[in-house]
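Per-entry structural report
These are the residues of each chain, in order.
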Number of protein chains: 2
Amino acid sequence: MQKSVSVSEANKIWQRPQRIVLAVCIDAQNKPNAIALGWKMTTSHQPPMVAISIAPQRYSHDVIHETGEFVLSIPGEDMAEAVMFCGTRSGRNIDKFQEAGLTALPAKEVKAPLVGEALANLECKVRGELKTGDHTIFAGEIVAGHVAENLDRRLLLCTGPETGYDHILSQGAYRFGAVRNDHE
Amino acid sequence: MQKSVSVSEANKIWQRPQRIVLAVCIDAQNKPNAIALGWKMTTSHQPPMVAISIAPQRYSHDVIHETGEFVLSIPGEDMAEAVMFCGTRSGRNIDKFQEAGLTALPAKEVKAPLVGEALANLECKVRGELKTGDHTIFAGEIVAGHVAENLDRRLLLCTGPETGYDHILSQGAYRFGAVRNDHE
């Protein structure tokens, strides 16, 4: 019933669909940055915690390591272009919030900003780190939560091979969509 | 554009939809066990690695810690009942494979078995652990991959509030479904 295949072949079935999120941080020069992430999970009920995986060469990696904080932002379907921009550009030399047209709003418990356009924002303080191959896991306690005034937008997903999505945007290996609604 | 809410309120938007998987291990008495997990992510390209979150009180937690191995199995829509069973019962006193009607197949690189019915199986060796609140993250290197002969089944998901799913099974807080196909 099973056939042995390469890990990358098996991985194709494991990867999609997945939620795509933004991890937001702020550097020592007070420039906010947002990175698009597919590799994230919840990791504790009490206290509520999330874990994210970031490669060491990404600009956000050292900023989150040094500040010990990040905001996890949950994008809606209307944010596809901004998320693609944040996922394919480095914040080392540009202001991603400005260039992607994102609104930085003050958070309550961390210095990193909320994304005004997001469906939800989770303020996180780093409680642990783990090196894993070519990435680092940052485990963050959610210390404050925010949701959008307008929740009438679908979640942005990295879509899989199923056909029941509205296709929104593709670039390189990324394919963004949203689960189709009944009435469409 | 954002309103401050409780963490659990914001968490609702973060949690669903999500892929649901099985983590399979085998104890010192050679009894295989499978736990249903929603909290998992990829965490490295090279070597390929995944991370899973398991509560210390779960039977699988200590087995995976002691054996340093697990298999990540990706269920199709036809496995909803078995996954629900594995997610709501403990393997401490029962043989979940037998009771859930799952077929244990020999793996290549680990002692824990593959799930014969799954869409894919990823054999993993634990390379790191991190305590996170009320769970432990196990980071595993994928050392071998397998896919089903029959891939013509949709992925099983924990579904969110969107309407474009075929509903498969509900129990307690769990709601399983699959993304609806175009032609349905």
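Remember, predicted model here, so these are calculated numbers, not experimental data. (Residues numbered from 1 in each chain as written. Chains lettered and ligands numbered in written order. Predicted model: local features only at pLDDT ≥ 70, side-chain atom pairs only at ≥ 80, totals over all residues. Heavy atoms only, no water.)

1. A look at the confidence of the model for chain A
Put simply, the rule is: Here pLDDT means the predictor's own confidence in every residue, given as a number from 0 to 100.
Across chain A, the average pLDDT comes to 93, with 99% of residues at 70 or higher. Among the scores for the predicted complex, ipTM is 0.95 and pTM is 0.96.

2. Re unusual backbone geometry
All names here are of chain A. Heads up, the rule is: Where helices and strands are cited, they refer to DSSP runs of H or I of at least four residues and of E of at least two residues respectively, numbered from the N terminus. Per-residue accessibility, obtained with a 1.4 Å probe over protein chains only, is compared with the maximum for each type, and a residue is labelled buried under 20%, exposed over 50%, and partly exposed between these values.
Of note, the amide linkage connecting Gln46 to Pro47 takes the cis form, showing an omega dihedral of 0°. On the secondary structure map, Pro47 appears in the loop between strand E5 (40-44) and strand E6 (49-54). Its identity is not glycine, yet Asn30 carries a phi of approximately 65°, on the positive side. On the basis of relative accessibility, which here comes to 46%, the residue Asn30 falls in the partly exposed class.

3. Considerations on the interface of chain B and chain A
The cut-off we apply is this: Residues count as neighbours in contact if any of their non-hydrogen atoms are within 4.5 Å of one another. The buried area of a pairing is the accessible area, by a 1.4 Å probe, that goes missing from both parts when the two are put together, added over both. By convention in these notes, a salt bridge is any Lys or Arg side-chain nitrogen within 4 Å of a carboxyl oxygen on Asp or Glu. Under this definition, polar contacts are N or O atom pairs within 3.5 Å; protein pairs additionally need one hydrogen-donor-capable and one acceptor-capable atom, and for neighbouring residues in sequence, both atoms have to be side-chain atoms. For this classification, the nonpolar set comprises Ala, Val, Leu, Ile, Met, Phe, Trp, Tyr, Cys and Pro, the charged set comprises Asp, Glu, Lys and Arg, and every other residue, Gly included, is treated as polar. Two strands are said to pair when DSSP picks up at least two bridges between them.
With 72 residues of chain B at the interface, the matching set in chain A holds 73 residues. Per-residue buried area on chain B facing chain A is highest for Met1(B), Gln2(B) and Trp14(B); these three make up 15% of the total on that side. Taken together, the connections running from chain B to chain A amount to 0 salt bridges. The tally of links from chain B across to chain A stands at 35 residue pairs in polar contact (both at pLDDT 80 or more). Of the residues contributing to the side of chain B that touches chain A, the split by class is 38 nonpolar, 22 polar and 12 charged. Alignment of strand E1 (residues 2-5) of chain A against strand E11 (residues 135-148) of chain B, held across 4 bridges, turns out to be antiparallel. Paired with Gln2(A) across the two strands is Ala148(B), which belongs to E11(B).

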